[in-house]
Protein chains: 2
Amino acid sequence: MKRQIPDATVARLPVYLRCLSQRAGEAVCSSTDLARTAGVNAAQVRKDLSFLEAQGVRGVGYDINELRLRIRRALGLTHDFPVVIVGAGNLGRALANYRGFTEWGFSIAAIVDTDARKVGSHISGTEVESMDLLEDVVGRRGIEIGIIAVPAGAAQRVGDRLAAAGIRSILNFAPTVITVPNVEVRRVDLSTELQILAYHLTGRADAKTT
Amino acid sequence: MKRQIPDATVARLPVYLRCLSQRAGEAVCSSTDLARTAGVNAAQVRKDLSFLEAQGVRGVGYDINELRLRIRRALGLTHDFPVVIVGAGNLGRALANYRGFTEWGFSIAAIVDTDARKVGSHISGTEVESMDLLEDVVGRRGIEIGIIAVPAGAAQRVGDRLAAAGIRSILNFAPTVITVPNVEVRRVDLSTELQILAYHLTGRADAKTT
DNA sequence: TAGATTGTTAATCGATTAACAATC
DNA sequence: TAGATTGTTAATCGATTAACAATC
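If you're wondering where the values come from, they're calculated on a predicted model, not measured in any experiment.

## Notes on the layout of surface pockets
The method is simple in principle: a probe with the dimensions of a water molecule rolls over the atoms, and the space it marks as empty is what remains. Its boundaries defined by the atoms lining it, the largest pocket holds a volume of some 1,800 Å³. Lining the largest pocket are 48 residues, with Arg186 and Glu193 of chain A together with Arg186, Arg187 and Glu193 of chain B sitting closest to its centre. Mapped by element, the contributors of at least two residues to the lining of the largest pocket are α1 (7–21), α2 (31–38), β9 (184–187) and α9 (190–209) of chain A together with α1 (7–21), α2 (31–38), β9 (184–187) and α9 (190–209) of chain B. Among the elements that line the lining of the largest pocket, the one with the most residues is α1 of chain A, at 6 residues. Classifying every residue of the lining of the largest pocket by side-chain character gives 23 nonpolar, 10 polar and 15 charged.

This is the structure we're talking about:
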């Protein structure tokens, strides 16, 4: 069962969830409405929601609370996911301070760093622990998701250690491509995004001169 | 001319660029090689590179320096892009400190914040200026790219102001969906990424119990 | 020449979307 | 009933990839 939600849909579900949270007062939302705020096609929304066996009401729309619940369930956000943040630099701190974590069912179970001066300090209520404890902490606290927020040079090594420790999903913020077999790695990279924007800037400049 | 590079290819070019930079010593790289490090199919690599009129040598591979140049040119990374960072909190600081900026031809032309206590301080050599100066600074320094690193509640307003100031591309790090007509907006969102990982974790858990 | 690898075709696959009957 | 909106089909579009002739 399950599993047949297309990747493209899975990538959009969190966006829908976010848009729906932003409509507190309202009780019902049409596919057209949701499509507009999410920036996609209305047919797309309906198609996506059909994978969740979402029950819209013809002539009315979707019950917002019901829909949010279904999306969460489809994404597997039914229990808490403990997360380890590796690296307590600027980025690691920014991530740890992001309070959206708990809002969506993720919790910072550990922050580790190699820098002895950082160990023992607290970020957003979590104590920074020694990188030496990584495997220990991951195992003991049942952590399944690792966030890499270390310099590029250290990222691959961290990825390897996370994998060896039993982590199954990695979010890599280090500006480098890492390879970790049997682990789902997602990369978030500022310069990649900037470069894509640059392409479109250039494209539109061309269009103007044409 | 140009413009006919598919979106999917454009999104991969920065990855290739990154992978190629990581192979300093070497002079030549085959599509199979590059595909492995980039985590894609070798035919995909060749197809992508064919849009750049890249000249590989049969039986040998691609000249790394030549290829990097072509990718940069295709992406429009031929001149410097001044960037404004809006928000000098944890995230804004992390972004400003990221030295990959200049490496890829982007420069931090301004950092602005509403907090008077932050104005005047320096981040990575750039002075934080008052948010009131946003439009002024964007116009005067010819800034085309804006990075939003403010709390969710302020993001839409910042987006509107950036657009009004003439910005044509926005990278939105605020955990909210914003709508800005006629502006290319890309969203980078930690919780979206985590939620996608969560889906796959759940999926694999199912697979194991089956 | 033999081995390797490109460039490109063509088949396949997956994702998007217009359209409309069903129905609240 | 009339108006609105869903759920789904089917057409279209775009992206991926195997395969292989070309050729270094």
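## A word on the relation of the copies chain A and chain B
Superposing chain A onto chain B requires a rotation of 180° together with a translation of 0.0 Å along the rotation axis, leaving an RMSD of 0.0 Å. In symmetry terms, the pair is related by a two-fold rotation axis. Take the interface residues of chain A: 100% of them recur as interface residues in chain B, which is what a same-surface contact looks like.

## Side note on the protein's contact with DNA strand D
If you check the shell around DNA strand D, you find 25 residues, and the closest are Ser31, Gly56 and Tyr62 of chain A together with Arg12 and Arg58 of chain B. For DNA strand D, the backbone makes up 66% of the atoms found within 4 Å of the protein, where backbone means sugar plus phosphate. In the environment of DNA strand D, a phosphate oxygen lies 2.5 Å from a nitrogen or oxygen atom belonging to the side chain of Ser31 of chain A. With respect to DNA strand D, the side chain of Asn41 of chain B contributes an N or O atom lying 3.3 Å from a phosphate oxygen. Listing elements by their share of the surface near DNA strand D, those giving two or more residues are α3 (42–50) of chain A together with α1 and α3 (42–50) of chain B. It is α3 of chain B that contributes the most residues to the surface near DNA strand D, 4 residues altogether. Tallied by class, the residues present in the surface near DNA strand D amount to 8 nonpolar, 9 polar and 8 charged.

Conventions used here
Residues numbered from 1 in each chain as written. Chains lettered and ligands numbered in written order. Predicted model: local features only at pLDDT ≥ 70, side-chain atom pairs only at ≥ 80, totals over all residues. Heavy atoms only, no water. 1 Å grid on protein atoms, 1.4 Å probe; cavity = no way out; pocket = protein on both sides within 12 Å on 5 of 7 lines; lining within 4 Å. Points joined across faces, edges and corners; volume = space filled by probe spheres on them. Helix = DSSP H or I, 4+ residues; strand = E, 2+ residues; numbered from the N terminus. Nonpolar A, V, L, I, M, F, W, Y, C, P; charged D, E, K, R; others polar. Least-squares fit on C-alpha atoms with pLDDT ≥ 70 in both. Contact = heavy atoms within 4.5 Å. Near = heavy atom within 4 Å. Polar contact = N/O pair within 3.5 Å; in protein donor to acceptor, adjacent residues only side chain to side chain.

Note that every value here comes from positions in space, so none of it alone points to a role or purpose.
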